[in-house]
Amino acid sequence: MKKIITIIAASAMVAGLASCEQKPNTLSSAEKAEGWQLLFDGETLNGWRSFNAPELLGGWSVVDGCIQASGEGGDASGYIVTDKKYSNFELVWDWKLTYAGNSGMLYHVVEHPKFSVPYVTGPEYQLIDSEGWEEKYAPAKLADWQNIGVDYAMHLPDYEKMHINPVGEWNSSKIVYDNGHVEHWLNGEKILEFEAYTKDWFAKKASGKWGTATEYGLAHTGVICLQDHGDPASFRNIKIKELPEKRAGQKVSLFNGKDLTGWMGATKTYGVDPKEPGVLQCFPDRGGKDGGGNLCTEKTFRNFVLRFEFCLPTNGNNGLGIRMPNADKDAAYNAMCELQLLDDGGSAYYDAKNKKDKLKPYQYTGSVYGVFPSLRDNVDKQIWGKDKNFAG
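Predicted model, so just to flag it, every value in this text is computed and none were measured.

Things to note about the pairing of strand S10 (residues 181–186)
No. 1: Of all the six residues making up S10, five are buried; the element is thus mostly covered by neighbouring parts of the structure.
No. 2: Taken together, the six bridges between strand S9 (residues 171–178) and S10 define a ladder with antiparallel strand orientation. Considered in S10, the bridge of Ser 173 is made with Leu 186.
No. 3: Examined bridge by bridge, S10 and strand S11 (residues 189–195) share six bridges and lie antiparallel to one another.

Regarding the pattern of salt bridges
No. 1: With the rule as written, the count across this model stands at 14 salt bridges.
No. 2: In this structure, Glu 111 and Arg 49 form a salt bridge, with 2.6 Å as the shortest nitrogen-oxygen distance. Of the two residues, Glu 111 is situated in the loop between strand S7 (102–109) and strand S8 (124–128) and Arg 49 in strand S2 (residues 48–50); the sequence distance between them amounts to 62 residues.
No. 3: The class of Glu 111 is partly exposed, set by a relative accessible area of 25%.
No. 4: Here Asp 200 makes a salt bridge to Lys 204, at a shortest N to O gap of 3.1 Å. Of this pair, Asp 200 and Lys 204 both sit in helix H4 (residues 199–207), four residues apart, roughly one helical turn.
No. 5: Residue Asp 200 is classed as partly exposed on the basis of its relative accessible area, which comes to 43%.
No. 6: On the accessibility criterion, Lys 204 (29% relative accessible area) is partly exposed.

A closer look at the packing of aromatic side chains
No. 1: Following the criterion strictly, the structure yields 15 aromatic pairs and no others.
No. 2: Through successive ring pairs, a cluster of aromatic residues spans Tyr 119, Trp 145, Tyr 152, Tyr 197, Trp 201, Phe 202, Trp 210 and Tyr 216.
No. 3: The ring of Trp 185 carries Lys 174 above its face, with NZ or CZ at 4.3 Å from the centroid.
No. 4: Sitting over the ring of Trp 170, Arg 236 keeps its end group 4.1 Å from the ring centre.

Describing the nonpolar core
No. 1: Counting residues in each nonpolar core, the largest one holds 59 residues, and the members touching the most others are Ile 67, Trp 93, Phe 235 and Ile 238.
No. 2: Among the elements that take part in this core, strand S6 (residues 89–97) stands out by supplying five residues, more than any other.
No. 3: If sequence neighbours within four positions are ignored, Trp 93 has contacts with Met 105, Tyr 125, Leu 127, Asn 171, Ser 172, Ser 173, Lys 174, Ile 175, Phe 235, Arg 236, Asn 237 and Ile 238.
No. 4: Among the nonpolar cores identified, the runner-up in size contains five residues, and Leu 260, Trp 263, Ala 266 and Leu 295 belong to it.

Some words on the environment of Gly 319
No. 1: Within the secondary structure layout, Gly 319 lies in strand S18 (residues 317–322).
No. 2: Looking at Gly 319, the relative accessible area reads 25%, which means it is partly exposed.
No. 3: Residues within four places of Gly 319 in sequence aside, it is in contact with Glu 338, Leu 339 and Leu 341.

Digging into the side chain of Asn 187
No. 1: Position of Asn 187 among the secondary structure elements: in the loop between S10 and S11.
No. 2: Looking at Asn 187, its side chain comes within polar contact range of the main-chain oxygen of His 163, at 2.5 Å.

What counts as what
Residues numbered from 1 in each chain as written. Predicted model: local features only at pLDDT ≥ 70, side-chain atom pairs only at ≥ 80, totals over all residues. Heavy atoms only, no water. Buried < 20%, exposed > 50% of the residue type's maximum accessible area, 1.4 Å probe, protein only. Helix = DSSP H or I, 4+ residues; strand = E, 2+ residues; numbered from the N terminus. Pairing = 2+ DSSP bridges. Salt bridge = Lys/Arg side-chain N within 4 Å of Asp/Glu carboxyl O. Phe/Tyr/Trp six-rings, centres within 6.5 Å; stacked < 30°, edge-to-face > 60°. Lys NZ or Arg CZ within 6 Å of the ring centre and 35° of its normal. Core = buried A, V, L, I, M, F, W, Y, C linked by side-chain atoms within 4.5 Å. Contact = heavy atoms within 4.5 Å. Polar contact = N/O pair within 3.5 Å; in protein donor to acceptor, adjacent residues only side chain to side chain.

What follows is the structure, given as structure tokens:
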């Protein structure tokens, strides 16, 4: 904390980038040509509403050309979000805090009744008067991952590059999210950058505050969110420029035919048999008493067409989970959906005594498990290998 205080004291002499040359909450001709859009018009809260609500429920207002948090919020409430969702972007804004103030800018926030607060899904650029907070709440101390400019509870900034204007003066920040590449900027300096969805990213998530927040950071699209954490805070010049999806139209191979590079989860249960190269196989006997397990890609994907071939042993049961939040969860109930892969003609699923299937309609191969049954007459069953298998 000593280093941060020194930098804050020194930075009182550094002018912020919130310029008076251009009228606040407006776009220059150059910005318009580059595709920038205003998220705040300087007069109304049009385009904003409360988190998980269809309208603005209070706690925020427009004061002197700024969006102002009343300071009545807290950990469980006081969040406003944009009407529109964003994927890849550059987001800039000016902000100022009161003494010991605490706030934040979040992105890729997912709204759903099961998420009571935005931060369990959306990453946060932390805004806090670190020095004032520790003075006010002494002897409590902030953890490194709670300080100004951090990717909250994940990545730390370069404090040597941080120039923070005193409390009550304007600062300028920027978030860049470009197809998984993330940058945090403060008063014209890049203070932090990282790549999301790498092994290091998943390790940080699993070992820290978000270890039990299975869907934290996984959404590639979501609303932008401002936080009232119990302290008045002001925002203006909130602008966004959307960036293109770089992987659009690209063909990506998920399996190299040799090993599990690019995969995580049940890496003991799955593998490649040297006698049958080019085939990714499940070996249930390697998975302990329960066998099985989930094997997930390290990379995440948003919109896609997925093609693959599969084969099953007699009475085999497997599945393909889509938008799986965590390799430790059951794909049938935690993924967005599971494509059922089952030897539905096997003896294990047929009641020979009563001469009828044991399966429900949504349990047959090709079904969206538990939701939509497959059109069984359209499932083309083929032979691949020694057992009864399918290719698709």
